[in-house]
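# Remarks on the overall topology
What follows is the residue order along each chain.
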2 protein chains.
Amino acid sequence: MLATDEAATETLTDRVVREVKQRVAQRALTPGARLPSIRAFAAAMKVSKSTVVEAYDRLSAEGIITSRPGSGFYVDAPLAPLSLADLGPKLDQEVDPLWITRQALGRNPALLMPGCGWLPASWMPQDSLRRALRGLARGDALALTDYGTPQGLPALRQLLARRIAGQGIEATADQVILTESGTQALDLACRFLLEPGDTVLVDDPCYFNFHALLRAHRAKVVPVPYTAQGPDLDRFERALAEHRPRLYVTNAGIHNPTGATLSPIVAHRLLKLAERADLTIVEDDIFADFEDEASPRLAAFDGLQRVMSCGSFSKTLSAGLRCGYLVVKPAWIQGLTDLKVATSFGGAGLAAELVHAALTDGGYRRHVAALRSRLAKARAETSDKLRDLGVMPWLEPRAGMFLWCRLPGEIDAAAVARRALVDNVVLAPGNAFSLSQTARSHLRFNVAQCADPRIFAVLRKAIRAAA
Amino acid sequence: MLATDEAATETLTDRVVREVKQRVAQRALTPGARLPSIRAFAAAMKVSKSTVVEAYDRLSAEGIITSRPGSGFYVDAPLAPLSLADLGPKLDQEVDPLWITRQALGRNPALLMPGCGWLPASWMPQDSLRRALRGLARGDALALTDYGTPQGLPALRQLLARRIAGQGIEATADQVILTESGTQALDLACRFLLEPGDTVLVDDPCYFNFHALLRAHRAKVVPVPYTAQGPDLDRFERALAEHRPRLYVTNAGIHNPTGATLSPIVAHRLLKLAERADLTIVEDDIFADFEDEASPRLAAFDGLQRVMSCGSFSKTLSAGLRCGYLVVKPAWIQGLTDLKVATSFGGAGLAAELVHAALTDGGYRRHVAALRSRLAKARAETSDKLRDLGVMPWLEPRAGMFLWCRLPGEIDAAAVARRALVDNVVLAPGNAFSLSQTARSHLRFNVAQCADPRIFAVLRKAIRAAA
């Protein structure tokens, strides 16, 4: 509301001033850069030259630009610190991924979080974790106090190589690099593979932090519509031809937010397209342990030639144990390891020891089996309750915690989210996941966070109010 | 040796081919970029045009470049993955920071490590750590399994605010951001403040991983000589005028590798220069707990206006607990937190809980007091043993684990290091820390890793052989 009011009383000069300040904030204009000439900027902004003259005068008075007689105007402000908020489009807070993430991570006990992306603490394998902590407390001093080795704990890398073999990905422990988190693994892959300005394909919708992460790398992000079997291949092929992307970032296994899984035929055709366009793919396998049976992995079909796989243990073991991994072809190990050491030094350290202990604890296997059943039950129950409100799941996922749903009658999900927030319920509206902003009537629900009946009462009320 | 042999038999065409391949590896030439014309490249490389024609033919045959008739030659190879090794100067492995780090982190029990940058496991507060682990094993489920809050554990941030108050740095807990490591804190600061191509000042010598980290950010790194009281201010001022750097990265407290500490007058004058040049400073306070009494902090003098402070607990508590921090002015909190969440998501999680428990354990204070005495004793003993070999400390540090020493008679430290490696002793030759390569006869010793008498026997032998 505030933004609209401001815009209404904004003069043309204000608008030019704001535009220049925004370009400086986005680092599109860096210190010392020459501003467009008065004539050119007036034409571009569709204002008179005298308006630009007035705006440049004001910016000069504020010390943001300076004139050099006979040469033009130059940026005089210091480099703006990098602001992801300024780099992206301006969004209402209810669909702003940064805002939603901040709320979700904020641990405010008054809030209900059906939109968040993780399981409640009571669903996590606490006994395995407590045993792992006690074991480490009795264990080797080096494990307690030393930096990890550059690639990370060998025993955990061996275990990971065996785990991914179950998905058909053939890799040795030497091809695994431990990182400080799954997000850091993806970040490292981006550093390794991207130059600022490169184009990256993502699914539309996709996990919203992919947008923020890629923005931090100054990538140009191009969304490709996602179907129930994987990306829309015609659109994918067109995007390859049109944008010549360097990279495609997607989920392995269960797709976030839709809960869809890749079909073998789409996987195969996608890799043929990628090969022709010399495209590299990063497959984020963070939901691996939710699946009873592994769905097709691009990394398995491709043999880790142009696909790298990453993941972590935050969804089924503990999000507090900061430990992720990358699995890559041998030729990339040294470069990625050097880059990891340069930018974070350690190899997950003590967290890797704890993850290894917890994963090899007999209780973990039982935990995962119980978790899958519990999630299946919660998906069915939540799906029923949502359908009662006219909120329809796009598909019934094979596994996982997410239901991607459409509101009845094209209702605006952001309006519903805004309304629900008044009653302390944080929803995840579709457009937070959609770069094309075409998921206006969608919401993502986390079935493990939907046990509280208040959620559905608040949702019913919010839908009525927004309808 | 191999490199020299290769160079000796290299033809002029080989040289041109190698130069182009190197530019592609360094991403100085990216896919689709136009190569210099044959005439221009021949002039630049001081070879004949027919040599360049031959080289371009070979590169075309290898599929690295392609010709477009009438237009020139273009890079046809895919983007090279980012390689820190290719971005930096080619160094012998004994003075290559990446190689030394890999060895030091490799946990090879056969190697003695007087050159490494951390304390032996037996010097670390294992009892405090074991108690912290057992406490967490009994503790709250949320602490075990949940993501940290965006800025990180409030109790630890409060503790940090109180700790740095003891150094004269006034900041509230809200100005502290927890990160996954001290290196990650510095990395985050660089993302926030730098654009590729920006210039950064570092001390000469300085902690070698600063070079690798800044290279990963594509910064131009300019070294400024370091004196026993801090940076050489005349040279610093000249570097400001000549290079217009965006940032200066240095140590707070005890300088790595020299063991020097900043004098108040240098701190004051440095900040005046920084203000005039609008320079931002990151002060890495990783050795904070080694000091009996805090030496001047730039962040304290400046009031966190243009200085940000970072650090971790890896040197006096545990390197396996991946948890660092940044202390910054309020205006920068939101932007840095967004960037941290986008690129690593968590806020140190369980490691932050363990650090907090260990730091507030009564045993930690006693540990630190004992550690300082033990290091003082080890500094004196190691200094004596080194002097016996003619290896002279540059100064006697007030605190910490490092002795920065000069070999007798201008002997080449790299040759000594190469020789010592045969006997399983990994040294840290001066030029690994010196971007200007002016520390050819220096070595950094870690006095806590010098208890084994074999080190001095090997060193004596290596010095004789190199003399």
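Here the structure is a predicted model, which means the values were calculated and not measured. (Residues numbered from 1 in each chain as written. Chains lettered and ligands numbered in written order. Predicted model: local features only at pLDDT ≥ 70, side-chain atom pairs only at ≥ 80, totals over all residues. Heavy atoms only, no water.)

### Side note on the nonpolar core
One finds Leu156(A), Phe236(A), Leu317(A), Leu156(B), Phe236(B) and Leu317(B) to be the most contacted residues of the largest nonpolar core, which totals 112 residues. Residues within four places of Phe236(A) in sequence aside, it is in contact with Leu201(A), Val224(A), Pro231(A), Tyr248(A), Leu270(A), Leu273(A) and Leu279(A). (Core = buried A, V, L, I, M, F, W, Y, C linked by side-chain atoms within 4.5 Å. Buried < 20%, exposed > 50% of the residue type's maximum accessible area, 1.4 Å probe, protein only. Contact = heavy atoms within 4.5 Å.)

### Some thoughts on the sheet that holds strand β10 (residues 324-327) of chain B
Pairing between the strands of a sheet is mediated by backbone hydrogen bonds and can be parallel or antiparallel. All names here are of chain B. Across the sheet, which stays open at both edges, the 8 strands sit in the order β3-β10-β9-β8-β7-β4-β5-β6 with mixed pairing between neighbours. The open sheet is flanked by β3 (176-179) and β6 (230-231), the only strands paired with a single partner. Alignment of strand β4 (residues 199-204) against strand β7 (residues 247-251), held across 3 bridges, turns out to be parallel. Opposite Leu201, over in β7, you have Tyr248 as the bridge partner. (Pairing = 2+ DSSP bridges. Helix = DSSP H or I, 4+ residues; strand = E, 2+ residues; numbered from the N terminus.)

### Regarding the environment of Leu317(B)
Here Leu317(B) is to be found in the loop between β9 (307-312) and β10. Residues Leu317(B) and Tyr248(B) lie 69 residues apart in sequence; the distance between their C-alpha atoms is 27 Å.

### Description of the domain arrangement of chain A
Residue and element names in this part refer to chain A. The assigned domain composition of chain A is domain 1 (11-81), domain 2 (85-122 + 364-466) and domain 3 (125-361). Look at where the C-alpha atoms of domain 2 and domain 3 centre, and you get two points 24 Å apart. The partner domain 3 presents 38 residues to the 34 residues of domain 2 that form the contact. Of the roughly 3,100 Å² buried where domain 2 meets domain 3, counting both sides, 61% is carbon and sulfur surface. In this structure, the connection of domain 2 to domain 3 is made through 2 salt bridges. A salt bridge links Asp292 to Arg372; the nearest nitrogen and oxygen atoms lie 3.7 Å apart. Seen at the junction of domain 2 and domain 3, the total is 14 residue pairs in polar contact (both at pLDDT 80 or more). When contributions to the side of domain 2 that touches domain 3 are tallied by element, the ones reaching two or more residues are α6 (97-105), α17 (362-388) and β12 (402-406). It is α17 that contributes the most residues to the side of domain 2 that touches domain 3, 7 residues altogether. Residue composition of the side of domain 2 that touches domain 3, by class: 21 nonpolar, 9 polar and 4 charged. (Domains from an automatic or database assignment. Buried area = accessible area lost by both parts, 1.4 Å probe. Salt bridge = Lys/Arg side-chain N within 4 Å of Asp/Glu carboxyl O. Polar contact = N/O pair within 3.5 Å; in protein donor to acceptor, adjacent residues only side chain to side chain. Nonpolar A, V, L, I, M, F, W, Y, C, P; charged D, E, K, R; others polar.)

### Describing the environment of Asp203(A)
Residue and element names in this part refer to chain A. Tracing the backbone through its elements, the reader meets Asp203 in strand β4 (residues 199-204). Overall, the relative accessible area of 2% leaves Asp203 in the buried class. Sequence-distant contacts of Asp203, that is, excluding residues within four places in its chain, are made with Val224, Tyr226, Pro231, Tyr248, Val249, Thr250, Asn251 and His255. In this structure the side chain of Asp203 is engaged in a polar contact, spanning 2.6 Å, whose partner is the side chain of Tyr248.

### Description of the interface of chain A and chain B
Listed per partner, the contact involves 82 residues of chain A and 82 residues of chain B. Across the chain A to chain B interface the summed buried area is about 6,900 Å²; carbon plus sulfur atoms make up 59%. When the area that chain A buries against chain B is broken down by residue, the three leading residues are Leu105(A), Arg107(A) and Tyr147(A), summing to 11%. Across the chain A-chain B interface, the total number found is 10 salt bridges. On inspection of chain A and its partner chain B, the count reaches 40 residue pairs in polar contact (both at pLDDT 80 or more). When contributions to the side of chain A that touches chain B are tallied by element, the ones reaching two or more residues are α6, α7 (126-137), α8 (141-145), α10 (182-193), α11 (208-216), α15 (333-344) and α16 (349-359) of chain A. Ranked by the residues each element gives to the side of chain A that touches chain B, the list is headed by α15(A), at 8 residues. Its residues assigned to classes, the side of chain A that touches chain B comprises 40 nonpolar, 22 polar and 20 charged.

### So, helix α13 (residues 264-276) of chain A
Residue and element names in this part refer to chain A. Compared with an ideal rise of 1.5 Å per residue, which puts 13 residues at 18 Å, α13 spans 19 Å between its outermost C-alpha atoms and is within 8% of the ideal. The set of residues buried in α13 consists of Val266, Ala267, Leu270, Leu271, Leu273 and Ala274. For α13, the arc enclosing every buried residue in end-on projection is 160°, short of the 170-degree limit, so these residues lie on one face. Relative to its buried face, α13 has exposed residues pointing more than 90 degrees away, namely Ile265, Glu275 and Arg276. A positive backbone phi angle near 50° is found at Asp278, which sits one or two residues after α13. (Expected span 1.5 Å × (residues − 1). Arc of directions from axis to C-beta.)

### Describing the relation of the copies chain A and chain B
Placing chain A over chain B gives an RMSD of 0.1 Å and needs a rotation angle of 180°, together with 0.0 Å of translation along the axis. The symmetry that links the two subunits is that of a two-fold axis. (Least-squares fit on C-alpha atoms with pLDDT ≥ 70 in both.)

### Some points on the side chain of Ser318(A)
In this structure, Ser318(A) sits in the loop between β9 (307-312) and β10 (324-327). Relative accessible area serves as the criterion here: at 0%, Ser318(A) is assigned to the buried category. Within the structure, Ser318(A) has its side chain in polar contact with the backbone nitrogen of Leu321(A) (distance 3.3 Å). Polar contacts involving the side chain of Ser318(A) include one to the main-chain carbonyl oxygen of Leu144(B), which spans 2.6 Å. Contact partners of Ser318(A), with chain neighbours within four places excluded, come to Met124(A), Leu129(A), Phe313(A), Leu144(B) and Thr145(B).

### Notes on the packing of aromatic side chains
Considering all chains together, one arrives at 26 aromatic pairs over all chains under this definition. Ring geometry for Phe236(B) and Tyr248(B): centres 4.9 Å apart, planes at 75°, overall edge-to-face. Note that Phe236(B) is positioned in helix α12 (residues 233-243) and Tyr248(B) in strand β7, a separation of 12 residues in sequence. Like Phe236(B), the residue Tyr248(B) is buried in the burial classification. Put simply, the rings of Tyr207(A), Phe208(A), Phe210(A), Trp404(A) and Phe433(A) pair up and form one aromatic cluster. Across the ring face of Tyr74(B), the terminal group of Arg68(B) is positioned such that the distance to the ring centre comes to 3.7 Å. Lys329(B) extends its terminal NZ or CZ atom over the ring of Trp332(B), reaching a point 4.5 Å from the ring centre. (Phe/Tyr/Trp six-rings, centres within 6.5 Å; stacked < 30°, edge-to-face > 60°. Lys NZ or Arg CZ within 6 Å of the ring centre and 35° of its normal.)

### Re unusual backbone geometry
Residue and element names in this part refer to chain A. Going from Asn256 to Pro257, the amide bond is cis rather than trans, its omega being 15°. For Arg27, which is not a glycine, the phi torsion comes out positive at approximately 65°. Within the element layout of this structure, Arg27 appears in the loop between α2 (12-25) and α3 (38-45). Although it is not a glycine, Asp278 sits at a positive phi angle of roughly 50°. Here Asp278 shows up in the loop between α13 and β8 (280-284). For Asp278, a relative accessible area of 40% gives the class partly exposed.

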